[in-house]
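Residues per chain are reported as follows:
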Amino acid sequence: MMDVFQSLGFWVFAGIHVLYMAGLWALRVPLKNAGLVDWGWPSGFTAMALYFALSGTADGLAHVVLPTLYGICGIRFLLGWRVRDKKYGEDRRWNLWREKWRAGQGLFGVKNIHVNFFFFYQAQALTNVFVFSVPLILVCYGERTTFGFFEAAGTALWALCFVCENIADHQLRSFKKDKSLRGQVCTKGFWKYSRHPNYFFELGIWTSYAVFAIPSVGGPFEAFALAAVPALAYFYLVSFTGIPMNEKASLQRRGESYAAYQRTTSRFFPWFPKIREP
């Protein structure tokens, strides 16, 4: 894996990815949409999958399957973002980030919104290039030629989580379309057991990539790098870009009804809801 990180092609790709996200960061001002970062990171790892699939030296089915899974997931995220953006415009959670940064809670205490957004965009770019690329690098440049148990298990886990995440999103969309339920909280389907089932299944997708690549691990450093994939995905979803601002926005919109939902329903991992107190 270190040979790949030291190659000119990898650094050219990394540089293009960083410049691409910098371009989206600059465009967010004239387009009045900070959510371009949610276009940038899936398009980035989709391009990354294509790059490693074409440049990889490995033989066998795994070299084709894993980049395909990345690509399908990336396209799905891109289409989902495009539909939401066209219908709702900039997500309201970006204003919450602006408020947080103005209060001095940005990186190193920086209050400047433009600087904090730049850090935010580049964090996504660097995560793609140096962490989320690890399963692709191990599989596409590895010496393993068989499609064995872990590759099959990773593919099965990916398929299960991909389908369930789409079901969760469909359940939420259907709930939002019902005007009689406006102002209420969705507790149907997966949303009865987790406040963020879509994020839970997204973590499952990133975990599936790591499972897929386990047989291609060649030493302690590669094992650590592979374990960092689901670990960092969990951090982003639960503690950074995902749950905190989504929950804050939901509390502002729905007030006590969402606070009650928080008291009875698991934050992330699906579990049976608590019985509401009278």
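As the structure is a prediction and not an experimental result, all values here were calculated from the model.

*Asks:* Residues and numbers for the nonpolar core, please.
*Replies:* The biggest cluster of nonpolar side chains holds 48 residues, and the ones touching the most others in it are Met48, Phe52, Tyr70, Trp206 and Tyr209. Residues within four places of Trp206 in sequence aside, it is in contact with Trp41, Phe45, Tyr70, Phe132, Val229 and Ala233. By size, the runner-up hydrophobic cluster in this structure holds 17 residues, among which are Leu36, Trp97, Ala125 and Ala249.

*Asks:* Let's hear about the packing of aromatic side chains: which residues, and what values?
*Replies:* Evaluation of the coordinates by the stated rule reveals 44 aromatic pairs. Ring geometry for Tyr70 versus Trp206: centroids 5.9 Å apart, planes at 80 degrees, classification edge-to-face. Here Tyr70, found in helix H4 (residues 62-88), pairs with Trp206, found in helix H9 (residues 197-213); they are 136 residues apart in sequence, far enough to count as distant. Note on Trp206: relative accessible area 3%, which makes it buried. Through pairs of rings, three or more aromatic residues link up here, namely Trp94, Trp97, Trp101, Phe117, Phe120, Phe235, Tyr236 and Phe240.

*Asks:* Outline helix H11 (residues 243-254), listing residues and values.
*Replies:* Side chains of residues three or four places apart in an α-helix project in the same direction, reflecting 3.6 residues per turn. Helix length check: H11, at 12 residues, gives a terminal C-alpha distance of 16 Å against a target of 16 Å (1.5 Å per residue), a fit within 8%. At its buried positions, H11 is contacted by helix H5 (93-102), H9, helix H10 (220-240) and helix H12 (256-264). Within two residues after H11, Gly255 carries a phi angle of roughly 55 degrees, on the positive side.

*Asks:* I'd like to hear about the pattern of salt bridges, residue by residue, with values.
*Replies:* Scanning all chains against the criterion turns up 8 salt bridges. A salt bridge links Glu256 to Arg263, with the shortest nitrogen-to-oxygen separation between them at 2.5 Å. A relative accessible area of 52% places Glu256 in the exposed class. Among the charged side chains, a salt-bridge network with shared partners connects Asp38, Asp91 and Arg93.

*Asks:* So what's going on with the confidence of the model for the protein? Which residues, and what values?
*Replies:* Do not read the fine detail of predicted coordinates wherever pLDDT is low. Predicted confidence across the protein gives a mean pLDDT of 94, with 99% of residues reaching 70 or more. When mean pLDDT is taken per element in the protein, H9 scores highest with 98 and helix H1 (residues 2-5) scores lowest with 88.

*Asks:* Could you give me a rundown of a positive patch on the surface, with the residues and numbers involved?
*Replies:* On the surface, Arg84, Lys87, Arg92, Arg173, Lys176, Lys177 and Arg253 cluster together into a positively charged patch. If you list the elements that add at least two residues to the positive patch, you get H4 and helix H8 (149-177). The topology assignment puts Lys177 in helix H8.

*Asks:* Which residues make up the packing of helix H3 (residues 37-55) against H4, and what values do they have?
*Replies:* The relative placement of two packed helices is expressed as an angle between their axes plus a distance between the axes. Orientation of H3 relative to H4, taken along the N-to-C sense of each, is 160 degrees, at an axis distance of 8 Å. As the angle between them shows, H3 and H4 are arranged roughly antiparallel. The two elements H3 and H4 meet at a crossing, and its hand is left-handed. When H3 is examined against H4, the residues Asp38, Trp39, Trp41, Pro42, Ser43, Phe45, Thr46, Met48, Ala49, Phe52 and Ala53 are found in contact with a partner set consisting of His63, Pro67, Tyr70, Gly71, Cys73, Gly74, Ile75, Phe77, Leu78 and Trp81. Of the residues belonging to the contact of H3 with H4, the class tally is 15 nonpolar, 5 polar and 1 charged.

*Asks:* Can you tell me about the layout of surface pockets, naming the residues and giving the values?
*Replies:* Think of a ball as big as a water molecule: rolled over the atoms, this probe shows where empty space is left. Considering only enclosed or pocket space, the second largest pocket measures out at about 230 Å³ in volume. If you go around the second largest pocket, the residues you meet are Trp97, Lys100, Trp101, Gln105, Gly106, Leu107, Asn116, Phe119, Phe120, Gln122, Ala123 and Phe240. Elements with a contribution of two residues or more to the lining of the second largest pocket: H5 and helix H6 (113-132). The dominant element in the lining of the second largest pocket, judged by the number of residues it contributes, is H6, at 5 residues. Along the lines of polarity and charge, the residues of the lining of the second largest pocket split into 7 nonpolar, 4 polar and 1 charged.

*Asks:* Describe the packing of H11 against H12, and please don't skip the residues or the numbers.
*Replies:* Running from amino to carboxyl end, H11 crosses H12 at an angle of 135 degrees, the nearest separation of the two axes being 6 Å. Judged by the inter-axis angle, H11 sits oblique to H12. For the pair H11 and H12, contact is made by Glu247, Ser250, Leu251 and Arg254 and by Glu256, Ser257, Tyr258, Ala259 and Gln262, respectively. Split by residue class, the contact of H11 with H12 holds 3 nonpolar, 3 polar and 3 charged.

Conventions and cut-offs
- Residues numbered from 1 in each chain as written.
- Predicted model: local features only at pLDDT ≥ 70, side-chain atom pairs only at ≥ 80, totals over all residues.
- Heavy atoms only, no water.
- Core = buried A, V, L, I, M, F, W, Y, C linked by side-chain atoms within 4.5 Å.
- Buried < 20%, exposed > 50% of the residue type's maximum accessible area, 1.4 Å probe, protein only.
- Contact = heavy atoms within 4.5 Å.
- Phe/Tyr/Trp six-rings, centres within 6.5 Å; stacked < 30°, edge-to-face > 60°.
- Helix = DSSP H or I, 4+ residues; strand = E, 2+ residues; numbered from the N terminus.
- Expected span 1.5 Å × (residues − 1).
- Salt bridge = Lys/Arg side-chain N within 4 Å of Asp/Glu carboxyl O.
- pLDDT = per-residue confidence, 0-100.
- Patch = residues over 30% accessible without salt bridge, like charges linked within 9 Å, V, L, I, M, F, W, Y side chains within 5 Å.
- Areas by Shrake-Rupley, 256 points an atom, 1.4 Å probe, with all protein chains shown as cover.
- Lys, Arg positive; Asp, Glu negative; His and termini not counted.
- Charge placed at Lys NZ, Arg CZ, Asp CG, Glu CD.
- Axes fitted to C-alpha atoms, helices over the stretch in contact; angles between N-to-C directions.
- Parallel < 35°, antiparallel > 145°, perpendicular 65-115°, else oblique.
- Left-handed = near helix turned anticlockwise from the far one by under 90°.
- Nonpolar A, V, L, I, M, F, W, Y, C, P; charged D, E, K, R; others polar.
- 1 Å grid on protein atoms, 1.4 Å probe; cavity = no way out; pocket = protein on both sides within 12 Å on 5 of 7 lines; lining within 4 Å.
- Points joined across faces, edges and corners; volume = space filled by probe spheres on them.

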